[in-house]
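Spelled out, the chains give:
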Amino acid sequence: MFKKVGKLLLGAAVSSMLITGIACASPIVIKFSHVVAEDTPKGMMANKFKELVEQRLAGKVEVEVFPNSQLFSDDKVLEVMLLGDVQIAAPSLSKFERYSKKLQIYDLPFLFKDMAAVDRFQSSPAGQQLLSSISDSGILGLGYLHNGMKQFSASKPLKVPADAAGLKFRIMSSDVLAEQIEALHATPLKKPFSEVFTLLQTKAIDGCENPYSNIFTQKFFEVQPYITESNHGVLDYMVITSTEFWNGLPDDIRAEVKKALDESIAYGNKISEEKAVEDKESIIASKRSEIITLTDEERAQWVEVMKPVWKKFENNIGKELIDEAYNANQM
Ligand code: SIN
């Protein structure tokens, strides 16, 4: 008797679950993995994306954000994205050269004079086309996100390139950046972002290159007594997903997720402008690190020593593309 009633109840529960199948379906989970702190342009963009998606697609999509290399380093994240372990990431553009040599353009020293020029190039048809330059690997570029112009920091004051000779610099995994440091007669070391503070603190390296937002939030300024405002390169990101995951989303959900992503990128880009100023001010206020401003003559020396690096990568990138990016400075 009890068995019969139990079966009936179970049957009723199953059919009610089938009828309300959609309501019972588990939400799509988007894991967003990144390597920086939460109060950075990328950290705040990721959190805004979570907020917008979960507001607009409540019960249908959940976003889990993993900051500070908690889940994966950038060198690993593309690999695991293809395995379906992460759905969205935003590695710096310097981390993609294994997948597309054209993206090396973003590491050429002194190519862009400021973030407005970077923005103009990225919005141009040529810049937009670069977003699909890694699609053969199954990775889709969904948009660019700004951090800012890079500054050199070191254990000694760097006013002219000769001051950097003999020093060891941490760089991201990019051959262009390696050539750039070698042009200074210094030694480049490709190391994950999560190791940089300890490498500096233990004096295993002497210097590095970062935008103010990373120098501040990673506390590099506490272990680098000198920062040279060199603005010699850009640190920007490509927001990526796997083609398989993206194409597998229902059309209406994909459209809503993309809308939320575009809005959160616009938000992150605004934050990047504010942080470039605020984080620099906080570093100055800390009195832990001196910010060195270059004279025009000193800056010209850095350009003269580092710009020949362009020639070495011209075949990989294409001269026309380099010219197009350079011309974005003049608009
Ligand atoms: C970042 O994502 O901003 C960190 C890039 C790096 O490895 O320096």
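Because the structure is predicted, anything quoted here is derived from the model rather than measured.

Criteria and thresholds
- Residues numbered from 1 in each chain as written.
- Predicted model: local features only at pLDDT ≥ 70, side-chain atom pairs only at ≥ 80, totals over all residues.
- Heavy atoms only, no water.
- Helix = DSSP H or I, 4+ residues; strand = E, 2+ residues; numbered from the N terminus.
- Buried < 20%, exposed > 50% of the residue type's maximum accessible area, 1.4 Å probe, protein only.
- Contact = heavy atoms within 4.5 Å.
- Lys, Arg positive; Asp, Glu negative; His and termini not counted.
- Charge placed at Lys NZ, Arg CZ, Asp CG, Glu CD.
- Phe/Tyr/Trp six-rings, centres within 6.5 Å; stacked < 30°, edge-to-face > 60°.
- Lys NZ or Arg CZ within 6 Å of the ring centre and 35° of its normal.
- Salt bridge = Lys/Arg side-chain N within 4 Å of Asp/Glu carboxyl O.
- Near = heavy atom within 4 Å.
- Polar contact = N/O pair within 3.5 Å; in protein donor to acceptor, adjacent residues only side chain to side chain.
- Areas by Shrake-Rupley, 256 points an atom, 1.4 Å probe, with all protein chains shown as cover.
- pLDDT = per-residue confidence, 0-100.
- Core = buried A, V, L, I, M, F, W, Y, C linked by side-chain atoms within 4.5 Å.
- Pairing = 2+ DSSP bridges.

1. Quick look at the overall build of the protein
Reasoning step 1: Scanning the protein from N- to C-terminus turns up 14 helices and 9 strands.
Reasoning step 2: Taking the principal axes of its C-alpha atoms as reference, the protein extends roughly 95 × 45 × 30 Å.
Reasoning step 3: By the burial criterion, 50% of the 331 residues in the protein qualify as buried.
Reasoning step 4: By sequence separation, contacts in the protein at least 24 residues apart represent 74% of the contacts at least 6 residues apart.
Reasoning step 5: Here the protein contributes 38 positive and 45 negative side-chain charges, whose respective centroids are spaced 5 Å apart.

2. Structural notes on the packing of aromatic side chains
Reasoning step 1: Applying the stated criterion across every chain, the model contains 10 aromatic pairs.
Reasoning step 2: Consider the rings of Y106 and F112, whose centres lie 6.3 Å apart with planes at 25°: the pair is stacked.
Reasoning step 3: Of the residues examined, Y106 reaches a relative accessible area of 2% and is grouped as buried.
Reasoning step 4: Among the aromatic residues, those joined into a ring-pair cluster are Y106, F112, F121 and Y144.
Reasoning step 5: When the ring centre of Y267 is taken as origin, the NZ or CZ atom of K48, which lies over that ring, is 4.7 Å away.
Reasoning step 6: In this structure, K307 packs its charged tip against the face of W310, placed 4.7 Å from the ring centre.

3. A short note on unusual backbone geometry
Reasoning step 1: Unusually for a residue other than glycine, S69 sits at a positive phi of about 55°.
Reasoning step 2: In this structure, H185 is a non-glycine residue whose phi angle is positive, near 60°.
Reasoning step 3: Assignment of secondary structure puts H185 in the loop between α7 (175-182) and β6 (187-190).

4. Section: the pattern of salt bridges
Reasoning step 1: This model, assessed by the stated rule, comprises 15 salt bridges.
Reasoning step 2: Across the salt bridge formed by R254 and D251, the nearest N and O atoms sit 3.2 Å from each other. Linking R254 with D251, this pair stays in helix α11 (residues 251-286), spanning 3 residues, or about one helical turn.
Reasoning step 3: Accessibility expressed as a relative area gives 57% for D251, which makes it exposed.
Reasoning step 4: As a salt-bridge pair, K258 and D262 come within 2.8 Å of each other at their nearest N and O atoms. Residue K258 and its partner D262 are both found in helix α11; the two are separated by 4 residues, about one turn of the helix.
Reasoning step 5: Residue class for D262 comes out partly exposed when judged on its relative accessible area of 37%.
Reasoning step 6: If you follow the salt bridges from partner to partner, you end up with R56, K259 and E263 in one network.

5. A closer look at the site of the ligand
Reasoning step 1: Around the ligand, the neighbouring residues are V35, V36, K42, K95, R170, M172, F193, N214, L235 and Y237.
Reasoning step 2: One nitrogen or oxygen atom from the side chain of K42 is found 2.7 Å from an oxygen atom belonging to the ligand.
Reasoning step 3: R170 has a polar side-chain atom sitting 2.7 Å from an oxygen atom of the ligand.
Reasoning step 4: Bound to the protein, the ligand loses 100% of the 260 Å² it would expose on its own.

6. Notes on the confidence of the model for the protein
Note: predicted coordinates in regions of low pLDDT should not be interpreted at a detailed level.
Reasoning step 1: For the protein, per-residue confidence averages 94 on the pLDDT scale, and 93% of positions sit at 70 or higher.
Reasoning step 2: Confidence drops under a pLDDT of 50 for residues 1-23, and excluding neighbours within four residues, the segment shows 1 contact in the predicted structure.

7. Thoughts on the nonpolar core
When a protein is soluble and globular, its nonpolar side chains tend to lie buried together.
Reasoning step 1: One finds F49 and W302 to be the most contacted residues of the largest nonpolar core, which totals 59 residues.
Reasoning step 2: Looking at which element gives the most residues to this core, the answer is α11, with 6 residues.
Reasoning step 3: In terms of nonpolar packing, the next biggest core, distinct from the first, is built from 38 residues, F96, F112, V176 and A328 among them.

8. Comments concerning the side chain of D279
Reasoning step 1: In this fold, D279 is placed in helix α11.
Reasoning step 2: We note that D279 is buried and unpaired, the nearest opposite charge coming from K275 at a distance of 4.2 Å.

9. Quick notes on the pairing of strand β8 (residues 226-242)
When a strand is regular, its side chains alternate between the sheet's two faces.
Reasoning step 1: The element β8 is largely enclosed, with a buried count of 14 among its 17 residues.
Reasoning step 2: Bridge count between strand β4 (residues 139-154) and β8: 13 bridges; the pairing is antiparallel. Its bridge partner lying in β8, K150 is registered against G233.
Reasoning step 3: Alignment of β8 against strand β9 (residues 290-293), held across 4 bridges, turns out to be parallel. Bridge pairing in β9 links Y226 to E290.

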